[in-house]
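As a plain string of letters, each chain reads:
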Amino acid sequence: MSGSERVVMFDIDGGLADLSEFAHILAGDSEGSRRRAWQRFFEHVGQAAVVEPGRDLVEAVAGLGFVPVYSTTRPVSCAGQTRVWLGEHGFPQGRALLCRSRDDVRPAVEVKAGHCRAVGRWLSAFVDDESEIVGALRSRGVRAHSFDGLSELGVRGLREAVAARIPDTLSDVGVHRPRRPRIARHHRQGPVAQRSS
């Protein structure tokens with residue numbers, strides 16, 4: 001990323017994609033059956049419904065000149081299907097899609113905080129649908145916002161909400177400024193998906 005680019009990171013599930021139709025698959029009692037249930041659930045990521053206000057928000061933020069980056073706690077094995085879904089549903093191209101790495105069992109907030117660290121000093125804001133995640137990221141120094149809160153703002157308010165720079169002291173609260181641009185090897189740089197003609 002160039003020094004002038006500013007990133008707004010968007011959580012996918014709940015804010016952009018609605019997989020609630022498949023939530024019944026996640027019923028499982030034992031650890032093994034829960035793991036298999038999650039695997040079956042993730043087979044449906046390409047069938048998610050679009051959360052229209054979320055897509056409108058990504059378009060508005062991209063229209064203000066910010067670079068979208070997509071964040072998800074879906075496993076990295078879902079990355080290809082997720083990129084296709086984003087492209088097929090007209091989401092703005094993102095600089096990257098950051099997923100949960102293989103064998104990562106950390107809580108969602110830890111995964112998302114890691115995504116924020118990967119983007120580092122270019123991160124202007126993180127947008128999530130869960131108030132607990134927003135609060136936890138804010139407590140770590142991330143300018144986190146809810147989809148609902150940003151969707152209610154006009155253009156000027158939206159620009160002000162996502163434009164402020166992250167303080168230089170973030171290394172003390174869990175988000176650091178990298179020495180050079182870097183995204184972990186398991187994350188793919190470049191366009192998330194091409195729109196089909």
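1. Digging into a negative patch on the surface
Piece 1. Together, D129, E130, E132, D148 and E152 make up a region of like negative charge exposed at the surface.
Piece 2. Along the chain, D129 turns up in the loop between β6 (123-128) and α5 (131-139).
Piece 3. Look at D129 and you get partly exposed, because its relative accessible area is 34%.

2. Some words on α5
Piece 1. Within α5, burial applies to I133, V134 and L137. Seen end-on, α5 carries its buried residues on one side only, within an arc spanning 100°. In this structure, α5 carries S131, E132 and S139 as exposed residues pointing more than 90 degrees from its buried face.
Piece 2. In the core, the buried residues of α5 are packed alongside α4 (108-119), β6 and β7 (144-146).

3. Brief notes about the nonpolar core
Piece 1. V8, F10, L16, L57 and Y70 are the most contacted members of the largest nonpolar core, which has 34 residues in total.
Piece 2. Of all elements in the fold, only β1 (7-11), α1 (31-42), α2 (52-63), α3 (79-88), β5 (96-100), β6, α6 (147-151) and α7 (155-163) reach the threshold of two or more residues within this core.
Piece 3. Counting 18 residues, the second-largest nonpolar core is a separate cluster that includes V67, L98, V119 and W122.

4. Considerations on the packing of aromatic side chains
Piece 1. Under the criterion given, the structure shown has 6 aromatic pairs.
Piece 2. Ring-pair connections join several aromatic residues into one group, and the members of that group are W38, F41 and F42.
Piece 3. It is R55 that lies over the ring of F91; its NZ or CZ is 5.9 Å from the centre.

5. Points about the side chain of K112
Piece 1. Relative to the assigned elements, K112 resides in helix α4.
Piece 2. A polar atom in the side chain of K112 sits 2.6 Å from the side chain of D128.
Piece 3. Once you skip the residues sitting within four places of it in the chain, K112 turns out to touch D11, S71, T73, F126, D128, I133 and L137.

6. With respect to the side chain of S71
Piece 1. You can see S71 is positioned in strand β4 (residues 67-75).
Piece 2. A polar contact of 2.7 Å, which involves the side chain of S71, links it to the side chain of H115.
Piece 3. The contact partners of S71, leaving out residues within four places of it in the chain, are M9, F10, D11, I12, L98, K112, H115 and F126.

7. Notes on unusual backbone geometry
Piece 1. Of note, D103 is a non-glycine position whose phi angle comes to about 65°, a positive value.
Piece 2. D103 sits in the exposed class, given a relative accessible area of 74%.

8. Considering the pattern of salt bridges
Piece 1. A complete count under the given rule lists 7 salt bridges for this structure.
Piece 2. In this structure, D104 and R106 form a salt bridge, with 2.8 Å as the shortest nitrogen-oxygen distance.
Piece 3. For R106, a relative accessible area of 35% translates into the label partly exposed.
Piece 4. Among the ionic pairs, R140 bridges to E110, the shortest N-O distance being 2.5 Å. Taken together, the positions of R140 in the loop between α5 and β7 and E110 in helix α4 put the pair 30 residues apart, joining distant regions of the chain.
Piece 5. Look at E110 and you get partly exposed, because its relative accessible area is 25%.
Piece 6. The network of salt bridges with shared partners includes D11, K112 and D128.

9. So, the pairing of β4
Piece 1. Within β4, 7 of the 9 residues are buried, leaving the element largely enclosed by the surrounding structure.
Piece 2. Sheet analysis places β1 next to β4, joined by 5 bridges and oriented parallel. Within the sheet, the bridge partner assigned to F10 lies in β4 and is Y70.
Piece 3. Pairing of β4 with β5, which is carried by 3 bridges, proceeds in the parallel orientation. Bridge pairing in β5 links Y70 to L97.
Piece 4. In this fold, the crossover linking β4 to β5 by way of α3 has right-handed handedness.

Rules used throughout
- Residues numbered from 1 in each chain as written.
- Predicted model: local features only at pLDDT ≥ 70, side-chain atom pairs only at ≥ 80, totals over all residues.
- Heavy atoms only, no water.
- Patch = residues over 30% accessible without salt bridge, like charges linked within 9 Å, V, L, I, M, F, W, Y side chains within 5 Å.
- Areas by Shrake-Rupley, 256 points an atom, 1.4 Å probe, with all protein chains shown as cover.
- Salt bridge = Lys/Arg side-chain N within 4 Å of Asp/Glu carboxyl O.
- Lys, Arg positive; Asp, Glu negative; His and termini not counted.
- Charge placed at Lys NZ, Arg CZ, Asp CG, Glu CD.
- Helix = DSSP H or I, 4+ residues; strand = E, 2+ residues; numbered from the N terminus.
- Buried < 20%, exposed > 50% of the residue type's maximum accessible area, 1.4 Å probe, protein only.
- Arc of directions from axis to C-beta.
- Contact = heavy atoms within 4.5 Å.
- Core = buried A, V, L, I, M, F, W, Y, C linked by side-chain atoms within 4.5 Å.
- Phe/Tyr/Trp six-rings, centres within 6.5 Å; stacked < 30°, edge-to-face > 60°.
- Lys NZ or Arg CZ within 6 Å of the ring centre and 35° of its normal.
- Polar contact = N/O pair within 3.5 Å; in protein donor to acceptor, adjacent residues only side chain to side chain.
- Pairing = 2+ DSSP bridges.
- Right-handed = clockwise from strand over helix to strand, strands pointing away.

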